[in-house]
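Survey of secondary and tertiary structure
Given next are the chains, with one letter for each unit.
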Amino acid sequence: MEQRHIRNFSIIAHIDHGKSTLADRLIEVTGALSSREMAPQVLDSMELERERGITIKAQAVRLVYQHQGETYELNLIDTPGHVDFTYEVSRALQACEGALLVVDAAQGVEAQTLANLYLALEHDLAIIPIINKIDLPSADPEKVMEQLLDIGLDGTEAVPVSAKQGIGIDRVLAEVVEKVPPPAGDARGALRALIFDSRFDSYKGVLVYIRVVDGSLKIGDRIRFMATSKEFEVTEMGVFGPHPVPVDHLDTGEVGFFAAQIKTVQDTRVGDTVTLADRPAEAPLPGYRPAQPMVYSGLYPVDSADYGRLREALEKLQLNDAALTFEPETSAALGFGFRAGFLGLLHMEVIQERLEREYDLTLITTAPNVVYRVTLVSGEVVRVDNPALLPPAGDIQTIEEPVVEASIITPSDYIGAVMELAQERRGIYLNLSYLDNVRAMLTYRLPLGEIMYDFFDQLKSRTRGYASLDYQLAGLQPADLVRMDILLNGEVVDALSTIVHRDRAYQKGRALAEKLRELIPRQLFEVPIQAAIGARVIARETVKALRKDVLAKCYGGDITRKRKLLEKQKEGKRRMKSVGSVEIPQEAFMAILRVE
Ligand code: GTP
């Protein structure tokens, strides 16, 4: 296709504002799929994704559209909708020249609307504002128009749409052709193609999703990945419409995928540049950075015989997930397992769920933690991704923790509540501005470790669901942190160690010991629980002894009830791990996340 007939764009939106529904409609209207074939949200292909309703992996769909007698190729590049995947979003946007900014007509501009808009502006994209859900009785398009004006967009030009009822879809497509510039690359130059996604296919090897920036690529070409210097021969190429359609080449400005017998996505890094081995480009495209795990957690099989299966499952998942890292780890309490690194909490939950669901493993997972940068008295700098491995206090000069800059949009009535929450989480106030006369945007610098777990839920509950949140990493910051250990029966349980702020250690220690007392079932003997910092015990609780005779209750009773009870007990056992002589349930390892 001639470059001037190509348009590459994506859809950006706050979560639930209707990105996937609009994408479905665009695909349907351009005839890519008849509505009979349309499964809702065809862009979200993974089962888990659909269940969770979150777009995790970017994908691209080629739409063929007739406009004023000419045929256009519109490539719609899907972007993930969660803060864990900001880097993937930025690469997908780099592959585009324009973006549809979808705003819910009833909800208005939210934190991720702004964050995504800024990201799109950083990439110089043409922005087409869309006001979606105009069919809702509570829709207030005029107000949204004003909000758009306030954030520097021409609200009067916004396209009113109901993605659900298919209203305004043609105008959206016409605007894509008219307002998004065609790709500007050098068709005769050396090949430079941006990788914006990849996925593993068991028959073809890795499918690499690319946007050709300069030059062209065809089947049989020998390619080189510029970041890893690995070389492969292209065996197959295609585009999605949204079903895969084979093609034999992709030219400047085009979007599609290729396969080259690549065994693992580790070789195909998102953001890397593909060039030709015998005519390489001089420099790669800007902006590549390797995926960097932000959150770590220990993964241990409940049945230690499953260790090998767990390793295999992690290896398999890694074939398709360059951001997942893992290393063997041994815990005195839990035995042999792995310390795994994730982009964020959602990523972690998805991986844990897949391990259990798709690989039929039963796991004990330890509480997630961030990575600390520790400077020792000796001057040596170490990276600590497991609280149990924090060096002794005497050896430490400084500890730095990752921080984020968070923007929170809230109705002004809840500013006080939001500030209180941010302060509880050691937030540093940066700014307050008003979006209009009823809504404000607060910015805070907050430790990542303080917000990754339930901050968003807390924010929602304290603002009756009205506040929205977005954050970006903002480097490392020194903090007065200490390791808190938990002792059961006088023995330190390494998998329960956490890193906490010194000022809160006492309070957290007490709360955690109490929580553990509730969570650890009574054993045949008394179990003392202690929280300690170094050699100093800061809290103590006791799990009382109990003679456990579950069948006594139904002595002489009917057998089905007995069986049920035994079943129930077995069920309960599944997620327990014996540490020394104490049985600890899964919830205990997560207890730290549930104490205030
Ligand atoms: P994520 O993929 O989770 O980021 O959400 P999304 O932005 O893709 O939103 P999605 O398309 O899943 O829509 C969210 C909800 O809004 C769904 O329940 C849709 O049915 C509904 N919705 C989308 N568009 C419209 C619309 O035009 N009108 C109405 N009434 N509802 C809509």
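Each value, and the rule that gives it
Residues numbered from 1 in each chain as written. Predicted model: local features only at pLDDT ≥ 70, side-chain atom pairs only at ≥ 80, totals over all residues. Heavy atoms only, no water. Pairing = 2+ DSSP bridges. Helix = DSSP H or I, 4+ residues; strand = E, 2+ residues; numbered from the N terminus. Axes fitted to C-alpha atoms, helices over the stretch in contact; angles between N-to-C directions. Contact = heavy atoms within 4.5 Å. Patch = residues over 30% accessible without salt bridge, like charges linked within 9 Å, V, L, I, M, F, W, Y side chains within 5 Å. Areas by Shrake-Rupley, 256 points an atom, 1.4 Å probe, with all protein chains shown as cover. Salt bridge = Lys/Arg side-chain N within 4 Å of Asp/Glu carboxyl O. Lys, Arg positive; Asp, Glu negative; His and termini not counted. Charge placed at Lys NZ, Arg CZ, Asp CG, Glu CD. Buried < 20%, exposed > 50% of the residue type's maximum accessible area, 1.4 Å probe, protein only. Phe/Tyr/Trp six-rings, centres within 6.5 Å; stacked < 30°, edge-to-face > 60°. Parallel < 35°, antiparallel > 145°, perpendicular 65-115°, else oblique. Left-handed = near helix turned anticlockwise from the far one by under 90°. UniProt positions renumbered as here; feature names shortened; annotations may be inferred. Expected span 1.5 Å × (residues − 1). Nonpolar A, V, L, I, M, F, W, Y, C, P; charged D, E, K, R; others polar. Polar contact = N/O pair within 3.5 Å; in protein donor to acceptor, adjacent residues only side chain to side chain.

**Looking at the sheet that holds strand β7 (residues 192-201)**
Pairing between the strands of a sheet comes from backbone hydrogen bonds, and it takes one of two forms, parallel or antiparallel. Spatial strand order, β11-β10-β16-β7-β8-β15-β12-β13: 8 strands in an open sheet with antiparallel pairing. In the strand order of this sheet, the two ends are held by β11 (231-233) and β13 (244-246), each with one partner. Geometrically, the sheet is characterised by an average inter-axis angle of 40 degrees between neighbouring strands, direction not taken into account. By the bridge criterion, 3 bridges tie strand β10 (residues 222-225) to β11 in an arrangement that is antiparallel. Along β11, the bridge assignment pairs R224 with E231.

**A word on the sheet that holds strand β19 (residues 335-342)**
Spatial ordering of the open sheet is given by β18-β19-β17-β20, a layout of 4 strands whose pairing is antiparallel. Each edge of the open sheet is held by one strand with a lone partner, namely β18 (325-331) and β20 (363-365). Each adjacent strand pair in this sheet contributes to an overall mean axis angle of 30 degrees, direction not counted. The strands touched by helix α7 (residues 307-319) within the sheet are β17 (295-301), β18, β19 and β20, with β18 carrying the most contacts at an inclination of about 160 degrees. Sheet strands touched by helix α8 (residues 345-358): β17, β19 and β20. Its angle to β17, the strand with the most contacts, is close to 15 degrees.

**Considerations on a negative patch on the surface**
Taken together, the side chains of D140, E142, E146 and D150 define an acidic patch exposed on the protein surface. Structurally, D150 is set in helix α5 (residues 141-150). Residue D150 is classed as exposed on the basis of its relative accessible area, which comes to 51%.

**Details of the pattern of salt bridges**
Scanning the entire structure with this criterion turns up 32 salt bridges. The partner of R222 in a salt bridge is E231, and the shortest N-O contact between them spans 3.2 Å. With a relative accessible area of 31%, E231 lands in the partly exposed category. Via salt bridges that share partners, E157, R171, E175 and K179 belong to a single interconnected network.

**Notes on the pairing of strand β8 (residues 205-214)**
Most of β8 is tucked away: 9 of the 10 residues are buried. When β7 meets β8, the two strands line up antiparallel, connected through 9 bridges. Note that in β8 the partner of R199 across the bridge is L207. The pairing of β8 with strand β15 (residues 255-259) spans 5 bridges and is antiparallel.

**Quick notes on the packing of aromatic side chains**
Enumeration over the complete set of coordinates arrives at 10 aromatic pairs. Ring geometry for Y209 versus F240: centroids 5.7 Å apart, planes at 5 degrees, classification stacked. One end of the pair, Y209, is in strand β8; the other, F240, is in strand β12 (residues 236-240), with 31 residues separating them in the sequence. Summarising the aromatic geometry, the rings of Y209 and F257 are spaced 6.4 Å apart at their centres and angled 40 degrees between planes, so their arrangement reads as tilted. Placement of Y209 in strand β8 and of F257 in strand β15 is noted, with a sequence separation of 48 residues between them. Taken individually, Y209 and F257 each receive the classification buried, so the pair is uniform in this respect.

**Comments concerning the packing of α7 against α8**
Where α7 contacts α8, the two axes come as close as 11 Å, and the packing angle between them is 125 degrees. Here α8 runs oblique to α7, going by the angle between their axes. The handedness of the crossing between α7 and α8 comes out as right-handed. Listed contacts from α8 to L310, A313, L314 and L317 of α7 are I351, R354 and L355.

**A word on the UniProt feature "binding site: GTP" (unreviewed entry) in the protein chain**
What UniProt calls "binding site: GTP" (unreviewed entry) maps, in this numbering, to D16, H17, G18, K19, S20, T21, N132, K133, I134 and D135. A relative accessible area of 3% means that H17 is categorised as buried. Residues contacting H17, with those up to four places away along its chain left out, are V102, V103, D104, Q107, G108, E110, T113, N132 and K133. Relative to the helices and strands, D135 resides in the loop between β5 (126-132) and α5. We classify D135 as partly exposed; its relative accessible area is 30%. The residues touching D135, leaving out its near neighbours within four places in the chain, are S162 and Q165.

**Some thoughts on helix α4 (residues 111-122)**
Between its first and last C-alpha, α4 extends 17 Å over 12 residues, near the 16 Å set by a 1.5 Å rise per residue. Burial runs high along α4: 9 of the 12 residues are buried.

**Some words on the packing of helix α1 (residues 19-29) against helix α6 (residues 169-179)**
Across the interface, α1 lies against α6 with an axial gap of 10 Å and an inter-helix angle of 85 degrees. Put simply, α1 runs roughly perpendicular to α6. Touching L22, R25, L26 and V29 of α1 are I169, D170, V172 and L173, all from α6. The class makeup of the residues in the contact of α1 with α6 is 6 nonpolar, no polar and 2 charged.

**With respect to the side chain of T366**
The topology assignment puts T366 in the loop between β20 and β21 (372-376). Reaching out from T366, the side chain makes a polar contact with the backbone nitrogen of G298 at a distance of 2.7 Å. Excluding residues that lie within four positions of it along the chain, T366 makes contacts with S297, G298, Y300, L334, R339, A495, F589 and M590.

**What about the pairing of strand β32 (residues 576-579)?**
Here 4 bridges tie β32 to strand β33 (residues 582-585), and the two strands are oriented antiparallel to one another. What sits directly across from V579, in β33, is V582.

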